Amino acid sequence: MTLFIDPNNVDFRLAQDSGGSIAVKHTPPHVTFSGEINSVSGNTVLVLDAAMRFVAACPLHSETFSFQASDLILKTMTWPLKAYLYTDRLNTAVPMNDLPSPTGSSADAVPSFRDRYKEAVVDALKHKYSSTSSEGGIKTGNGYQSVDLDDLDTLGGRPHRNVFFDHIDFKGKTVLDIGANTGELSRLARHRGADLVDGYEYDPFFVETGRMINGALGMTRVSLFQGDATQPVFYERKKYDIVLTFSVWVYTHKMLDRLADVTDVVFFETHTLDHGLGMYIEPMTKHFPFFRVVGYDINQDMRKSRGVLVFAKTEAQLNRTLVLPSISTEMYCDHDFFDKWGKTTSDGLAQYVERVWSITSKLSNPRFGFGTQYFEFFLAGYHEYLKSGAVTVDNIFAKNYRKAIEEGRLDGNLKHLVKNDELLTQKVAAKFADIDNIVSGNHAMVAPPTIRPGKGDLRFRTIGGRKFTAVDVDGHHRLFIYQLLGYPSVEVLMRENLPTKQQTVNTAYVMPTV
């Protein structure tokens, strides 16, 4: 059977990449899918064609399904707004058509230069070159952007942004990518269903390289152009559903009124957060009043991290664009903290943490790992922060947090905090700032916890009641606070498993400063 993988949608993958086992049988004119899926939401599999039109609906029975259709089936998924709740995205491949594949001498006679395209792309990415911006003469080195080209995966100054793009509804949208570089973010938007993506980049070499990558991938409806976003004329006669402005603030901040004429929604990445998020949020919300922090590209020095946000002109537009699944908080933290201390409310939190501190501060030589005593010291530290208005290395949580890391009782990836007072207090202060924002109801400033579903020890439940496990969570403290304050559910990001190569290399990046 000839299998066809459409490069223009990230969901078209081989059956072994699905969250379960799927068999595809081609008996012309029918295509039959059957198997099991690891579904954590919904009870119906929808089948859509290449234009995302409805083809068939198949109810799940004991998480198995089977159906036939004569259409070319290009995608299977749960009820659309629940699709992201699969433990792994349900993907498959389909027969290209009923024409036989070339065989024998006929196959030998069909030429392909695709490997040469890839060689040219590799040569271009390795070429020593730096562009100079039209505004401020900023240098950007070649290889700044990550590039995914089949078996070639090169990671530059910006690691992959897949987890953020996975939660933006691009389906059927037109997208403008300002400062597109070699077009990787443009392709991510197209992969996720955008009808048309136009990327503009000031440097012609990066435009040329991006076009070669599009050619090597067979990418359609992604066009890369040379353009200067610092000039008012750039924004004339343009109208798009979503505009990407990733790390281009220095070029666009004087043109926000023009940008507001182009779109109602901006998917936005900051430069490094040396001056915090406020310097971006205040001017942006004058034109796009509604926003949500989606997450951060975390660096060891949090001031060198970058924030990712969505801005919109209306709350409805924001909610339609940023699609976040909700999970129950009740399955989280199955230790005995809440049996011992109970829960509280936002209004009662200050008194609650003072009570925890009054007992916890008397403990001598604590040796906590991750559990009840850990969160006791966390809240005791928050009490001291409320009293002093700052975090120092003598904060009861900060000093015991450092000790637990040093002695190997907490995540070994945090060892850089042990001998660096500034990074330690940054880390703790960020956790306490999240509590401040949750208590004050300023949830737009709190990044959703990130969960990587899989076979792990962390147990969760969807708001629909289905249980699932996770192998990793970024946001334990936020989940704990939401549960402590009685929130029944919380919005999260679901991170798909990245290839091992990407996971390994991503952890080594030091982001360049802009």
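Residues numbered from 1 in each chain as written. Predicted model: local features only at pLDDT ≥ 70, side-chain atom pairs only at ≥ 80, totals over all residues. Heavy atoms only, no water.

**Focus on the overall build of the protein chain**
The line we're drawing: Comment: elements are numbered from the N terminus, with helices defined as DSSP H or I runs of at least four residues and strands as E runs of at least two. Type-normalised accessible area, obtained with a 1.4 Å probe on protein chains alone, sets the label of each residue: buried when under 20%, exposed when over 50%, and partly exposed for intermediate values. By the convention used here, residues are in contact when the closest approach between their heavy atoms is within 4.5 Å. Computed with a 1.4 Å probe, the accessible areas rest on the Shrake-Rupley method; for each residue, only the protein chains presented here act as cover.
From N to C terminus, the protein chain includes 16 helices and 24 strands. Burial analysis of the protein chain (514 residues in total) assigns 50% to the buried set. Nonlocal contacts in the protein chain, meaning residues at least 24 apart in sequence, comprise 66% of its contacts between residues at least 6 apart. Per element, the accessible surface of the protein chain, about 23600 Å² overall, is 50% carbon and sulfur.

**Remarks on the sheet that holds strand β13 (residues 174-178)**
The cut-off we apply is this: Criterion used throughout: strands pair if DSSP finds at least two bridges between them. Simply put, an axis is a line fit to the C-alpha atoms, just over the touching stretch for a helix, and the angle between two N-to-C directions goes from 0 to 180 degrees.
Strand order in the open sheet formed by seven strands is β15-β14-β13-β16-β17-β19-β18, with mixed pairing between adjacent strands. Bordering the open sheet on either side are β15 (222-226) and β18 (290-297), each of which pairs with just one other strand. Between one strand axis and the next, the sheet turns by 15 degrees as a mean value, whatever way the strands run. In the sheet, strand β14 (residues 196-201) pairs with β15 via five bridges, with the strands oriented parallel. By the bridge assignment, aspartate 198 is partnered in β15 with serine 223. The strands touched by helix α4 (residues 184-191) within the sheet are β13, β14, β15 and β16 (242-246), with β14 carrying the most contacts at an inclination of about 175 degrees. Helix α5 (residues 204-217) rests against β14 and β15 of the sheet, and its axis sits at about 165 degrees to β15.

**Section: the side chain of asparagine 214**
By secondary structure assignment, the location of asparagine 214 is in helix α5. If we skip the residues at most four places from it in the chain, asparagine 214 touches Arg187, Met219, Val222 and Leu224.

**A closer look at the environment of lysine 467**
Structurally, lysine 467 can be placed in strand β22 (residues 467-474). A residue is classified by how much of its surface remains accessible, and lysine 467, at 61% relative accessible area, is exposed.

**Digging into helix α11 (residues 349-360)**
Which entries qualify depends on this criterion: Helix span is expected to be 1.5 Å times the residue number reduced by one. Note that the arc is defined by the directions from the helix axis to the C-beta atoms.
With twelve residues, α11 should reach 16 Å at 1.5 Å per residue; the first-to-last C-alpha distance of 16 Å fits that figure. By the burial criterion, the buried members of α11 are Leu349, Tyr352, Val353, Val356 and Thr360. Looking down the long axis of α11, one finds its buried residues gathered within 90 degrees of arc, a one-sided arrangement. The inward-facing, buried residues of α11 contact α10 (337-341), α12 (372-388), α13 (396-406), α14 (421-439) and α15 (476-484).

**Structural notes on the pattern of salt bridges**
In plain terms, the rule: By salt bridge we mean one thing: a side-chain nitrogen of Lys or Arg within 4 Å of a carboxyl oxygen of Asp or Glu.
Within this structure, the stated rule accounts for 14 salt bridges. Here glutamate 236 makes a salt bridge to arginine 237, at a shortest N to O gap of 3.7 Å. Glutamate 236 sits in the partly exposed class, given a relative accessible area of 36%. Relative accessible area serves as the criterion here: at 80%, arginine 237 is assigned to the exposed category. Notably, a salt bridge pairs aspartate 434 with arginine 478, separated by 3.8 Å at the nearest N-O pair.

**Brief notes about the nonpolar core**
Just so we agree on the cut-off: By nonpolar core is meant a set of buried Ala, Val, Leu, Ile, Met, Phe, Trp, Tyr and Cys residues that side-chain atoms within 4.5 Å join together.
Judged by nonpolar contacts, the single largest core of 50 residues is most densely connected at Leu379, Tyr401 and Phe480. One finds Val163, Val197, Ala216 and Phe267 within the second-largest nonpolar core, a separate group that totals 33 residues.

**Some points on the packing of aromatic side chains**
As a reminder of what qualifies: Think of it this way: a Phe, Tyr or Trp ring, Trp meaning its six-membered ring, pairs with another when their centres are within 6.5 Å, and the plane angle makes it stacked under 30 degrees, edge-to-face over 60, tilted otherwise. Ring-over charges, as used throughout, are those where CZ of Arg or NZ of Lys falls within 6 Å of the ring centre and within 35 degrees of the ring normal.
Across all of its chains, the model carries 35 aromatic pairs by this definition. Geometrically, the ring pair formed by phenylalanine 397 and tyrosine 401 is stacked, given 4.9 Å between the ring centres and 20 degrees between the ring planes. Separated by four residues within a single helix, phenylalanine 397 and tyrosine 401 lie in helix α13, roughly one turn from each other. We classify phenylalanine 397 as buried; its relative accessible area is 0%. Classification of tyrosine 401 as buried rests on a relative accessible area of 2%. The ring centre of phenylalanine 234 lies 4.5 Å from the NZ or CZ of lysine 238, which sits over that ring. The ring of phenylalanine 338 carries the charged tip of lysine 343 above its face, separated from the ring centre by 5.5 Å.

**As for the environment of aspartate 421**
Looking at where aspartate 421 falls in the secondary structure, it is placed in helix α14. Each C-alpha atom of the pair aspartate 421 and arginine 402 lies 9.5 Å from the other, and the pair is 19 residues apart in sequence.

**What about α12?**
Taking 1.5 Å of rise per residue, the 17 residues of α12 would be expected to cover 24 Å, and the 25 Å separating its terminal C-alpha atoms lies within 8% of that figure. Of all 17 residues that make up α12, twelve are buried, and the element is covered over most of its length. The complete set of buried residues in α12 reads Thr372, Tyr374, Phe375, Glu376, Phe377, Phe378, Leu379, Ala380, Gly381, Tyr382, His383 and Tyr385.

**Observations concerning the confidence of the model for the protein chain**
Note the threshold: Looking at any residue, its pLDDT shows the predictor's confidence there, from 0 to 100.
The predicted model of the protein chain averages 78 in pLDDT, with 72% of residues at 70 or higher. Counting interchain partners and residues more than four positions distant, the pLDDT-below-50 stretch residues 1-22 has 72 contacts.

**Quick notes on the pairing of β16**
Counting buried residues in β16 gives five out of five residues, a clear majority hidden from the surface. Burial along β16 is two-sided: Ile242, Leu244 and Phe246 facing one way and Val243 and Thr245 facing the other are all buried. In the sheet, β13 pairs with β16 via four bridges, with the strands oriented parallel. When the sheet's bridge partners are listed, leucine 176 is paired in β16 with valine 243. Across four bridges, β16 lies against strand β17 (residues 265-272) in parallel orientation. Counted as the bridge partner of valine 243 is valine 266 from β17.

**Examining the packing of α12 against α13**
Our working rule: Residues were grouped as follows: Ala, Val, Leu, Ile, Met, Phe, Trp, Tyr, Cys and Pro as nonpolar; Asp, Glu, Lys and Arg as charged; and all remaining residues, including Gly, as polar.
Here α12 crosses α13 at 140 degrees, and the two axes come no closer than 7 Å. Seen from α12, the contacting residues are Tyr374, Phe377, Phe378, Ala380, Gly381 and Glu384; seen from α13, they are Ile396, Phe397, Asn400 and Tyr401. Tallied by class, residues from the contact of α12 with α13 come to seven nonpolar, two polar and one charged.

**Brief notes about the packing of α11 against α12**
Note the following rule: If you view the pair so one helix is near and one far, a crossing is left-handed when the near helix is turned anticlockwise from the far one by less than a right angle, and right-handed when it is turned clockwise.
Contact pair α11 / α12: the axes reach a minimum separation of 8 Å and the direction vectors enclose 115 degrees. Between α11 and α12 lies a crossing whose hand is left-handed. Where α11 approaches α12, its residues Leu349, Ala350, Tyr352, Val353, Glu354, Val356, Trp357 and Thr360 are matched on the opposing element by Glu376, Phe377, Leu379, Ala380, Tyr382, His383, Glu384 and Leu386. Residue composition of the contact of α11 with α12, grouped by class: eleven nonpolar, two polar and three charged.

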